[in-house]
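Geometric and topological summary
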Amino acid sequence: DSGVTQTPKHLITATGQRVTLRCSPRSGDLSVYWYQQSLDQGLQFLIHYYNGEERAKGNILERFSAQQFPDLHSELNLSSLELGDSALYFCASSVSLAEQDTQYFGPGTRLTVL
Amino acid sequence: AQSVTQLDSQVPVFEEAPVELRCNYSSSVSVYLFWYVQYPNQGLQLLLKYLSGSTLVKGINGFEAEFNKSQTSFHLRKPSVHISDTAEYFCAVTDRSGTYKYIFGTGTRLKVLA
């Protein structure tokens, strides 16, 4: 158990809908990262937040957005969903801003878009 | 921009045999390098990381990796594998310039045979 929690575990929805994925980092960790894992694209870095502020963006679509709240939990919002958005979404947390910090991954949310 | 290549998508090996999983990277700046393991239906777990100093890095579960700057490689090795090592292994890179963007390889599926 990494100490990172993600809810829900599974999510099934239809095209065009909007969903919110939630991540609670390990106690004391200030950084949260979001990743998408799919069969065709592999593991892709989406976005990084540190202490409530966005620090880096990766291959994140404009239909996707995220935020980190004062209690440090984070939410990833996916809108106008398409079949191709079906994937495993992971969040990870680390203690600080340093790139060399170990990232601790949650168990993931499996999103299925029908 | 960085990139990571994992040359082998699948590696079958017999129990107690040695294994090497290959990773090559490309970057115009100095990097940090990581190896993660993903067991079925779980998130990623850090095996080891290269930050600086000694080019031979030891990690958890008996794994080690060697950073080779001239060959831009960071191959993962284990002298004797167990059935429980069956998993997917990801090499990852991030640069040291503060972009906070992590690039993952496509993964190598290690299957340990009895």
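The text that follows walks through the structure, step by step, so that each part is easy to find. (Residues numbered from 1 in each chain as written. Chains lettered and ligands numbered in written order. Predicted model: local features only at pLDDT ≥ 70, side-chain atom pairs only at ≥ 80, totals over all residues. Heavy atoms only, no water.)

1. Overview of the state of the cysteines
Formally, a disulfide is one covalent bond, and it connects the sulfur atom of one cysteine to the sulfur atom of another. Residue and element names in this part refer to chain A. As enumerated under the stated definition, the model contains two disulfides over all chains in all. The disulfide partner of Cys23 is Cys91, and the S-S distance across this bridge is 1.9 Å. Its torsion about the S-S bond being 70 degrees, the disulfide of Cys23 and Cys91 is classed as right-handed. Here Cys23, found in strand β3 (residues 19-24), pairs with Cys91, found in strand β9 (residues 87-94); they are 68 residues apart in sequence, far enough to count as distant. Residue classification places Cys23 among the buried positions, given a relative accessible area of 0%. Since its relative accessible area comes to 0%, Cys91 is described here as buried. (Disulfide = S-S within 2.5 Å. Helix = DSSP H or I, 4+ residues; strand = E, 2+ residues; numbered from the N terminus. Buried < 20%, exposed > 50% of the residue type's maximum accessible area, 1.4 Å probe, protein only.)

2. Points about the nonpolar core
Buried together is how nonpolar side chains tend to be arranged in soluble globular proteins. All names here are of chain B. Grouped together as the largest cluster of nonpolar side chains are 28 residues, with contacts concentrated most on Leu33, Trp35, Leu47, Leu48, Phe74, Leu76 and Tyr89. Of all the secondary-structure elements, those providing two or more residues to this core are β2 (10-14), β3 (19-21), β5 (31-38), β6 (44-50), β8 (64-68), β9 (73-78), β10 (87-95) and β12 (108-113). Residue contacts for Leu33: discarding those within four places in its chain leaves Tyr25, Leu48, Lys49, Tyr50, Phe67, Phe74, Ala92 and Val93. (Core = buried A, V, L, I, M, F, W, Y, C linked by side-chain atoms within 4.5 Å. Contact = heavy atoms within 4.5 Å.)

3. As for the interface of chain B and chain A
Between chain B and chain A, the contact holds 21 residues from the first and 20 residues from the second. In this assembly, chain B packs against chain A so that about 1,700 Å² is buried in total across both faces, 56% of it on carbon and sulfur atoms. Our count for the chain B to chain A interface comes out at zero salt bridges. The tally of links between chain B and chain A comes to five residue pairs in polar contact (both at pLDDT 80 or more). Elements with a contribution of two residues or more to the side of chain B that touches chain A: β5, β6 and β10 of chain B. (Buried area = accessible area lost by both parts, 1.4 Å probe. Salt bridge = Lys/Arg side-chain N within 4 Å of Asp/Glu carboxyl O. Polar contact = N/O pair within 3.5 Å; in protein donor to acceptor, adjacent residues only side chain to side chain.)

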